Amino acid sequence: MRSLTMDEFWPISLTTSLRPSEPIYPTSSALHFRVYGTPMTQGSHRGRLIRTKTGRTFAAVVPANPRGLSIWRQALALAAGSALADSGLQPDLAAAAVSLRMDFCFHRPQSLAKRFTHMSRGKDVDKLARCLDAFTGILYRDDRQIIDLHVTKRYAGSSEPEGVSVNICWIA
């Protein structure tokens, strides 16, 4: 039995990657903007037991969001709205499908060993991406319109500030 070469087994080149601004779909318009600040995660829900004055106990589900989440979401909404207004684009929010790319940058802790080149610790990517609701009504009518979502997190360069870089493409 003959062994396969890497090109025969995996026909796609592993060194080729899409640039964040490179759209996959034919687009009618695209927008890029950056929001500065420490990205916040939108947490999960937690169950709690609550005891009333009469002694009855019942379970309640409460969101477990960090402080500052509402400020971060307001900053995202404000940046998206001003970038859209400055660009002069008027996408059809109701009809357009959306391709969205988000690149989160964080400061590298000085105490972190140099062998850690990727940000595999810290905040969860899926919880970072939950901030998509901040763009509802500004970049799209509902987040169900997103058909392509690419989210990355990384350590910022030495002179790069923390924040998120957003590329959105409205698909024709």
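Note that this is a predicted model, so its numbers are computed, not measured.

Participant: Help me understand the nonpolar core in this model?
Facilitator: By size, the foremost hydrophobic cluster in this structure holds 35 residues, and its most contacted members are Phe-33, Met-102, Phe-104, Phe-135 and Leu-139. Taken together, the elements giving at least two residues each to this core come down to strand E1 (27-36), helix H2 (69-87), strand E4 (97-106), strand E5 (146-155) and strand E6 (163-171). Tallying contributions element by element places H2 first for this core, with seven residues. In this view, Phe-33 contacts Ala-79, Ala-80, Ala-83, Phe-135, Leu-139, Val-164, Ser-165 and Val-166; residues no more than four positions away in its chain are not counted.

Participant: Sorry, what's going on with the packing of aromatic side chains here?
Facilitator: Within a pair of aromatic rings, the relevant descriptors are the distance that separates the centres and the angle that separates the planes. What the rule picks out here adds up to one aromatic pair. On the numbers, 5.9 Å between centres and 85 degrees between planes, the contact of Phe-33 with Phe-135 is edge-to-face. Taken as a pair, Phe-33 in strand E1 and Phe-135 in the loop between helix H3 (125-128) and E5 lie far apart in primary sequence, 102 residues in all. A relative accessible area of 0% places Phe-135 in the buried class. For Arg-108, the ring lying beneath its charged end belongs to Tyr-155, and the centroid distance is 5.1 Å.

Conventions adopted
- Residues numbered from 1 in each chain as written.
- Predicted model: local features only at pLDDT ≥ 70, side-chain atom pairs only at ≥ 80, totals over all residues.
- Heavy atoms only, no water.
- Core = buried A, V, L, I, M, F, W, Y, C linked by side-chain atoms within 4.5 Å.
- Buried < 20%, exposed > 50% of the residue type's maximum accessible area, 1.4 Å probe, protein only.
- Helix = DSSP H or I, 4+ residues; strand = E, 2+ residues; numbered from the N terminus.
- Contact = heavy atoms within 4.5 Å.
- Phe/Tyr/Trp six-rings, centres within 6.5 Å; stacked < 30°, edge-to-face > 60°.
- Lys NZ or Arg CZ within 6 Å of the ring centre and 35° of its normal.

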